[in-house]
Amino acid sequence: MRKDFGAKPWLYPQPVLIIGTYNEDGTADAMNAAWGGLYDSNKVVLCLSAGHKTTANIRAQGAFTVSFADAAHVVPCDYVGLVSANNESGKMEKSGLHVTKSAFVEAPLIDELPVALECKLIRINEDGNVIGEIVNVSVDESVLGEDGNLDMAKFRPISFEPVHNAYHVLGEKVGNAFRDGAALK
Ligand SMILES: Cc1cc2nc3c(=O)[nH]c(=O)nc-3n(C[C@H](O)[C@H](O)[C@H](O)COP(=O)(O)O)c2cc1C
């Protein structure tokens, strides 16, 4: 027996993206976005409400960063999803997150989050979704393995679980993509 839940915005795993932008006065903002992902091979799409400070900042600066929330920073990553820079000028200070300007785009990298995409705004489409070009992937050496690539034993991104409004850390490796299925060819 299967159970039907109707039409829900459920996807597994759903990301926890922390969008970094600059406000008009040069201070930084960050917000939590679970509705977003890849769009084509070099683009991202974010479903952002028009009223968010982040959305206005992306329109004004033409750029943003997408960091991946990790298990070590659940509290500040949730906080930036609860509080708007429209109402709280000290949002970043209260979050405890620190920023460094991206060398590639007019947007801040979050120092505490080790993996980020640096993006230029391409357009905001007819549904209000933000589409950006990935111009660089920035990875802190703390999560690099001996082969110089991102090591999933060190990087612990979290996923948003929409049924219980929970965050889960991604688990262990269970297979090899583009390879394991070949056993059934
Ligand atoms: C788990 C989680 C996921 C969220 N996902 C989104 C999202 O995908 N799109 C969106 O517009 N807001 C989303 N939000 C809400 C924004 O992060 C929140 O309104 C934030 O305060 C906006 O900040 P800003 O106005 O400083 O940009 C999410 C919040 C949480 C806690």
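Residues numbered from 1 in each chain as written. Predicted model: local features only at pLDDT ≥ 70, side-chain atom pairs only at ≥ 80, totals over all residues. Heavy atoms only, no water.

Looking now at the pattern of salt bridges. Any two side chains of opposite charge can pair, on the condition that their charged atoms come close. Tallied over the entire structure, the rule returns 5 salt bridges. Note that Asp40 is salt-bridged to Lys43, the shortest N-O span being 3.4 Å. Lys94 is the salt-bridge partner of Glu88, the closest N and O atoms lying 3.2 Å from each other. Classification of Lys94 by relative accessible area gives exposed; the value is 57%. (Salt bridge = Lys/Arg side-chain N within 4 Å of Asp/Glu carboxyl O. Buried < 20%, exposed > 50% of the residue type's maximum accessible area, 1.4 Å probe, protein only.)

Once that is clear, we can look at the side chain of Asn125. Secondary-structure assignment places Asn125 in the loop between strand 9 (115-124) and strand 10 (130-139). Residue classification places Asn125 among the buried residues on the basis of a relative accessible area of 17%. (Helix = DSSP H or I, 4+ residues; strand = E, 2+ residues; numbered from the N terminus.)

With that out of the way, let us pick up the layout of surface pockets. One number sums up the size of the largest pocket: a volume of about 380 Å³. Secondary-structure elements contributing two or more residues to the lining of the largest pocket are strand 3 (28-33), helix 1 (53-61) and helix 2 (74-82). Broken down by class, the residue content of the lining of the largest pocket amounts to 12 nonpolar, 6 polar and 4 charged. (1 Å grid on protein atoms, 1.4 Å probe; cavity = no way out; pocket = protein on both sides within 12 Å on 5 of 7 lines; lining within 4 Å. Points joined across faces, edges and corners; volume = space filled by probe spheres on them. Nonpolar A, V, L, I, M, F, W, Y, C, P; charged D, E, K, R; others polar.)

Under the definition given, this model contains 3 aromatic pairs. Ring geometry for Phe5 versus Trp10: centroids 5.3 Å apart, planes at 55°, classification tilted. Trp10 gets classed as partly exposed once you look at its relative accessible area, which sits at 29%. Taking the centre distance of 6.4 Å and the plane angle of 55° together, the rings of Phe160 and Tyr167 count as tilted. (Phe/Tyr/Trp six-rings, centres within 6.5 Å; stacked < 30°, edge-to-face > 60°.)

A separate point is the side chain of Asn129. As for its placement among the helices and strands, Asn129 is situated in the loop between strand 9 and strand 10. Those residues in contact with Asn129 that lie beyond four places of it in its chain are Val45, Leu46, Cys47, Arg123 and Ile124. (Contact = heavy atoms within 4.5 Å.)

Right, let's talk about the site of the ligand for a bit. Around the ligand lies a shell of 21 residues, among which Asp29, Asn32, Cys47, Thr54 and Ser84 are the nearest. Between the ligand and Cys47 there is a distance of 2.8 Å, counted from a nitrogen atom to a backbone nitrogen or oxygen. Take Ser49: an N or O atom from its main chain is 2.8 Å from an oxygen atom of the ligand. When the ligand sits alone it has 650 Å² of accessible area, and the protein chains cover 87% of it. For the ligand, the cavity whose grid points lie within 2 Å of the majority of its atoms is the largest pocket. Broken down by secondary-structure element, the contributors of at least two residues to the shell around the ligand are strand 3, helix 1 and helix 2. With 4 residues, the single largest contributor to the shell around the ligand is strand 3. Residue composition of the shell around the ligand, by class: 11 nonpolar, 6 polar and 4 charged. (Near = heavy atom within 4 Å. Polar contact = N/O pair within 3.5 Å; in protein donor to acceptor, adjacent residues only side chain to side chain. Areas by Shrake-Rupley, 256 points an atom, 1.4 Å probe, with all protein chains shown as cover. Sits in = over half its atoms within 2 Å of the grid points.)

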